[in-house]
Amino acid sequence: HPQQMIRLCWQGLVSPREGASAALSLGVPRGALWPMAGLVSVVLAYLRYLQFEVAGPVNMELPDGTVEPVEIQPLLLAGMLLVTIVVGSWALTTIGKRMGGTGQLEEAATLLIYLNMIAAGLNLAILVAMIVMPAVSLVLGFAAFTMLIWMSVQFTDVLHGFGSLLKAAGLL
């Protein structure tokens, strides 16, 4: 249900620990995790592509001194995001267990997908701000980045039951 997902994402923003626990309590089956990861990757990539288009052309100077326009390929970006979720889930689980954590692969995947769902909502807000109030979008982008880092630390601590935000930050 979309309303439940919006409430869950809001809970993750205002109370990351409770949001992470609520997301984990859903018990998403392993077979549903990877399609969800693909979907959230495509949505987030498309939102970032739209932000890039709204921002206007960006040029990059190459080593030989020529200047070329930078182009974003949404499907390539979606693939990179999906790989990040898959590899990140494995790394969070494996390294976390070596640090004494208790998180499982499915739980790590659930929380990374959840974090990216929240990121998609934040990116939508940034996109709207870019169109309506461009100067505000810069502040919103920085705030979103900071919030996502904070949520990552909180989610990791919940995932592994460290009881230490410093240990969770060290894992990241």
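Computed from a predicted structure; not experimentally measured.

Visitor: Just checking my understanding: could you explain helix α2 (residues 16-25) for this structure?
Guide: In an α-helix there are 3.6 residues to a turn, and that puts residues three or four apart on one side. Regarding α2, the residues found buried are P16, G19, A20 and A23. Buried positions in α2, seen along its axis, are confined to an arc of 100° and lie on one side of it. In this fold, the buried residues of α2 make contact with α1 (2-14), α5 (105-132) and α6 (134-160). Taken from the residues just after α2, G27 is the one with a positive phi, measuring 60°.

Visitor: Even after reading the chapter, I still don't get the packing of α1 against α2, so can you show me in this structure?
Guide: Axis angle and axis distance: for two packed helices, these are the angle between their axes and the distance between the axes, and together they describe the pair. Between α1 and α2, the shortest axis-to-axis distance is 5 Å and the interhelical angle comes to 145°. Contacts from L8, Q11, G12, L13 and V14 in α1 reach P16, E18, G19, A22 and A23 in α2. Its residues assigned to classes, the contact of α1 with α2 shows six nonpolar, three polar and one charged.

Visitor: Can you walk me through the nonpolar core in this structure?
Guide: Across soluble globular proteins, you tend to see nonpolar side chains buried next to one another. Within the largest apolar cluster, 40 residues are counted, with the highest numbers of intra-cluster contacts made by L111, Y114, I118, L148 and F155. Breaking this core down by element, the ones donating at least two residues are α1, α2, α3 (30-55), α4 (74-98), α5, α6 and α7 (165-171). Broken down by element, this core gets its largest block of residues, 14 residues, from α5. If near-sequence neighbours (up to four positions away) are discounted, Y114 is found in contact with L8, C9, Q11, G12, G19, A20, A23 and F155.

Parameters and conventions
Residues numbered from 1 in each chain as written. Predicted model: local features only at pLDDT ≥ 70, side-chain atom pairs only at ≥ 80, totals over all residues. Heavy atoms only, no water. Buried < 20%, exposed > 50% of the residue type's maximum accessible area, 1.4 Å probe, protein only. Helix = DSSP H or I, 4+ residues; strand = E, 2+ residues; numbered from the N terminus. Arc of directions from axis to C-beta. Contact = heavy atoms within 4.5 Å. Axes fitted to C-alpha atoms, helices over the stretch in contact; angles between N-to-C directions. Nonpolar A, V, L, I, M, F, W, Y, C, P; charged D, E, K, R; others polar. Core = buried A, V, L, I, M, F, W, Y, C linked by side-chain atoms within 4.5 Å.

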